[in-house]
Number of protein chains: 2
Amino acid sequence: MENSLPTSIDVVEAKTSKIDSVDFENLKFGNVFTDHMMVCDFVDGEWQSPSIKPYGPIQLDPSAKVFHYGQAIFEGMKAFKDDDDQVWLFRPKENINRFNKSSKRLAIPEFPEATFLEGLELLVNLDRDWVKKGRGNSLYIRPFVIATENGVSASPSNSYKFFIICSPAQSYYSGEVRVVFAEEFSRAASGGVGYAKAAGNYGAQFYPTNLAKQEGYQQIIWTDADTHEFLEEAGTMNIFFRVGDKLLTAPINDRILNGVTRRSVIALAEENGITVEVRRVPVKEIVEAAEKGELKEIFGSGTAATINPIKGFGYQGKKFELPEPSKPYSEFFKSKLMDIQYNKTEDKFGWRHPVKA
Amino acid sequence: MENSLPTSIDVVEAKTSKIDSVDFENLKFGNVFTDHMMVCDFVDGEWQSPSIKPYGPIQLDPSAKVFHYGQAIFEGMKAFKDDDDQVWLFRPKENINRFNKSSKRLAIPEFPEATFLEGLELLVNLDRDWVKKGRGNSLYIRPFVIATENGVSASPSNSYKFFIICSPAQSYYSGEVRVVFAEEFSRAASGGVGYAKAAGNYGAQFYPTNLAKQEGYQQIIWTDADTHEFLEEAGTMNIFFRVGDKLLTAPINDRILNGVTRRSVIALAEENGITVEVRRVPVKEIVEAAEKGELKEIFGSGTAATINPIKGFGYQGKKFELPEPSKPYSEFFKSKLMDIQYNKTEDKFGWRHPVKA
């Protein structure tokens, strides 16, 4: 794959902006989109000239393969504005890299990485007024690609459409989160697509999650599909368990998403002398730690929530509540991450990426 | 769920037909669509008035959930025309029933079964000139439903669009088919969505299938994701193994599609005194049977191909060719099925469903 496309990115600006119609104090996550989007078509065996143009609907034939065969993948990333109005992306190359790993697994042509980053920066800069200052405010960025060929034979599409769309986001507060450990349903098979941000991985979780909600849980922590004995991830977040003063998190495998926030937490833990054991996490161990009062925290890590503390969990019909920790790791990591994201601290790891104005 | 919607189906006929532009002697599977389609929207918590209208494109927001979360399912069924110009559906209620089972697993509202069948019959009758006479000719019917709500939060959609589209099909000949037994990749997890016709199940198979094609195989026979020791299904077909004079096929579980053609083959086998053992089929047993010359046939069953004979298979880098059987079961079942589908024989099982003219 070439790193960049030979053509330049065509920019067509929207005639008017929707920004004045948006209530930035009352945003629902992922519901409002900025004035522009990046699009690029794959036809005749190659990616064509990309463009940035006014955000708007697309027209597809009812037989387009994305509707029938779920040949689609996405990424989630964020941009932040610092006190000097500089806009920053957080580790964008990690997401671009994973976007192409997901594409490959879904038999979708990879997108040239330099053109991806160039278009992303142009787009975010064009819509920079949508990135609001203030801790918690951000621009949620959704790159995705869909199979657009017409026809209902079950084979890879010959044509695709790449998009980047952006949605202003406020501090993510999902209420008190309790989770249930999966005992029956599964998210991913070994040898499957669990490690990819494949569209179908998400729709498949909605029904079991609805059942969990009826039991009073907001999310499911998925276990391995073979035995349901090991805790893996939460579908939109990786998961950390604090037992005593050390953290446990599952190792990456082909069922688990290799989270950028997860890796950032591990790096920050190492930097700050917090032990992280990256190893299989038995359900039994966590339940026993909870019973002994040694389970201090559970938290999820992901782009949307950054760090999401979990108040309790359910397993085999029993409900466990976690104590209120005095100095929660979840707060510590969230604060450390946000300091870097909002340019409040030195960027030792080189995670901030400036968006040129 | 109500069995039928309270409203009648609105029919808007196409002003002109595309039928004269179609070369019915050279159809590529699933590539040409008839003049009309059935559509129905789910909004405000219920299915609205369905309609049959000219086949044409649809417009969606780039944030529509189907693009991001693969919340979409489908069915595949066929209509046949007999020598007296009567059009018949084959076991349509089985597909409608499975459509709703798939919907439920993907957290999609189920579609009222009587309205589904009523609309299907109206649509097929309106486009009956597209159903060509002659053994092998058929109308392939693709009902599907997609999540249409705008917004990129990972939760079930509040709105959906139901479609039935139809494509004229010729006798399915896919060339000589050789398969490879999966050793590394998997199609479905226990506790997952493998038993549903979920869109994402199909896109997830494209990459491993591409790799298999590079090795000279057209399809993969998937094995259980845990051990890869048991043969399950082929992604678009259920699989039968003939060892000596008996047939083996895997039992239905939550990883395997409950194929209508599979059940029809089992019923026909019973009727004709052919033993079918529905049980786990170890890879080892099939390889040993092949080595001893006892493996007489492998064939797939599915709506598109009806019965698809398989010439050979690969396992652990070794290629096995099957002998040319003198009276192949695959031919026997295909012929029996087609006799019923084209109204050439008595319909003992009640599988034919007439489309009212």
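What you are looking at is a predicted structure, and each value in this text was computed from that prediction instead of being measured.

Before going further, it helps to spend a moment on the interface of chain A and chain B. Listed as interface residues are 60 residues of chain A and, on the opposing side, 60 residues of chain B. Across the interface of chain A and chain B, roughly 4,800 Å² is buried in total on both sides, 65% from carbon and sulfur atoms. On the chain A side of the contact with chain B, A:Pro62, A:Phe67 and A:Phe206 bury the most area, a combined 14% of that side's loss. Remark: the boundary between chain A and chain B carries zero salt bridges. The tally of links from chain A across to chain B stands at 18 residue pairs in polar contact (both at pLDDT 80 or more). When its residues are assigned to classes, the side of chain A that touches chain B shows 34 nonpolar, 20 polar and six charged. Inspection of the sheet shows strand β5 (residues 58–60) of chain A paired to strand β5 (residues 58–60) of chain B by three bridges, in the antiparallel sense. Among the inter-strand pairings, A:Ile58 is bridged to a residue of β5(B), identified as B:Leu60.

Residues and elements named next belong to chain A. Tracing the chain through its elements places Thr223 in the loop between β12 (219–221) and β13 (230–231). A residue is classified by how much of its surface remains accessible, and Thr223, at 2% relative accessible area, is buried. The spacing of Thr223 and Ala107 is 116 residues in sequence and 27 Å in space, taken between C-alpha atoms. Ignoring anything within four residues of it in the chain, the contact list for Thr223 reads Ala182, His228, Phe230, Leu231, Glu232 and Val283. Side chain to side chain, Thr223 and His228 meet in a polar contact 2.9 Å long.

All names here are of chain B. For Ser138, the position within the fold is in strand β9 (residues 138–147). We classify Ser138 as buried; its relative accessible area is 2%. Once you skip the residues sitting within four places of it in the chain, Ser138 turns out to touch Lys78, Ala79, Phe80, Ser167, Pro168, Ala169 and Tyr342.

By size, the foremost hydrophobic cluster in this structure holds 62 residues, and its most contacted members are A:Phe67, A:Ile146, B:Phe67 and B:Ile146. Ignoring anything within four residues of it in the chain, the contact list for B:Phe67 reads A:Ile58, A:Leu60, A:Val66, A:Phe67, A:Ala72, A:Phe144, A:Ile146, A:Ala199, B:Leu60, B:Asp61 and B:Pro62.

Next up on the list: unusual backbone geometry. Phi at A:Thr306 is positive, roughly 65°, even though this residue is not glycine. Mapped onto the fold, A:Thr306 is located in strand β19 (residues 306–315). For A:Thr306, a relative accessible area of 9% gives the class buried. Of note, the phi angle at B:Arg91 is positive, near 45°, even though the residue is not glycine. With respect to the secondary-structure elements, B:Arg91 resides in the loop between β8 (87–90) and α2 (92–105).

The next thing to look at is the environment of A:Asp44. All names here are of chain A. Structurally, Asp44 can be placed in the loop between β2 (36–43) and β3 (46–47). Look at Asp44 and you get exposed, because its relative accessible area is 76%. With 115 residues separating them in the primary sequence, Asp44 and Ser159 have C-alpha atoms 7.6 Å apart.

Laying chain A over chain B is done by rotating through 180° and shifting 0.0 Å along the axis; what remains is an RMSD of 0.0 Å. With respect to symmetry, the two chain copies, as superposed, fit the operation of a two-fold axis. The share of interface residues of chain A whose copies in chain B are also at the interface is 100%, consistent with both copies meeting through the same surface.

Residues and elements named next belong to chain A. Taken domain by domain, chain A comprises domain 1 (10–169) and domain 2 (178–341). One C-alpha centre belongs to domain 1, the other to domain 2, and the line joining them spans 27 Å. Taken together, the contacts link 21 residues of domain 1 with 24 residues of domain 2. Carbon and sulfur atoms make up 59% of the surface buried where domain 1 meets domain 2, a total of about 1,900 Å² over both sides. Per-residue buried area on domain 1 facing domain 2 is highest for Arg98, Arg105 and Arg135; these three make up 31% of the total on that side. Inspection of the region where domain 1 meets domain 2 yields two salt bridges. For Arg263, the salt bridge goes to Glu94, with nearest N and O atoms at 2.4 Å. Our enumeration of links across domain 1 and domain 2 arrives at 13 residue pairs in polar contact (both at pLDDT 80 or more). Residue assignment for the side of domain 1 that touches domain 2 shows that the elements contributing at least two residues are β6 (72–74), β7 (77–81), β8 (87–90) and α2 (92–105). For the side of domain 1 that touches domain 2, the class distribution of residues is ten nonpolar, four polar and seven charged.

About the cut-offs
- Residues numbered from 1 in each chain as written.
- Chains lettered and ligands numbered in written order.
- Predicted model: local features only at pLDDT ≥ 70, side-chain atom pairs only at ≥ 80, totals over all residues.
- Heavy atoms only, no water.
- Contact = heavy atoms within 4.5 Å.
- Buried area = accessible area lost by both parts, 1.4 Å probe.
- Salt bridge = Lys/Arg side-chain N within 4 Å of Asp/Glu carboxyl O.
- Polar contact = N/O pair within 3.5 Å; in protein donor to acceptor, adjacent residues only side chain to side chain.
- Nonpolar A, V, L, I, M, F, W, Y, C, P; charged D, E, K, R; others polar.
- Pairing = 2+ DSSP bridges.
- Helix = DSSP H or I, 4+ residues; strand = E, 2+ residues; numbered from the N terminus.
- Buried < 20%, exposed > 50% of the residue type's maximum accessible area, 1.4 Å probe, protein only.
- Core = buried A, V, L, I, M, F, W, Y, C linked by side-chain atoms within 4.5 Å.
- Least-squares fit on C-alpha atoms with pLDDT ≥ 70 in both.
- Domains from an automatic or database assignment.

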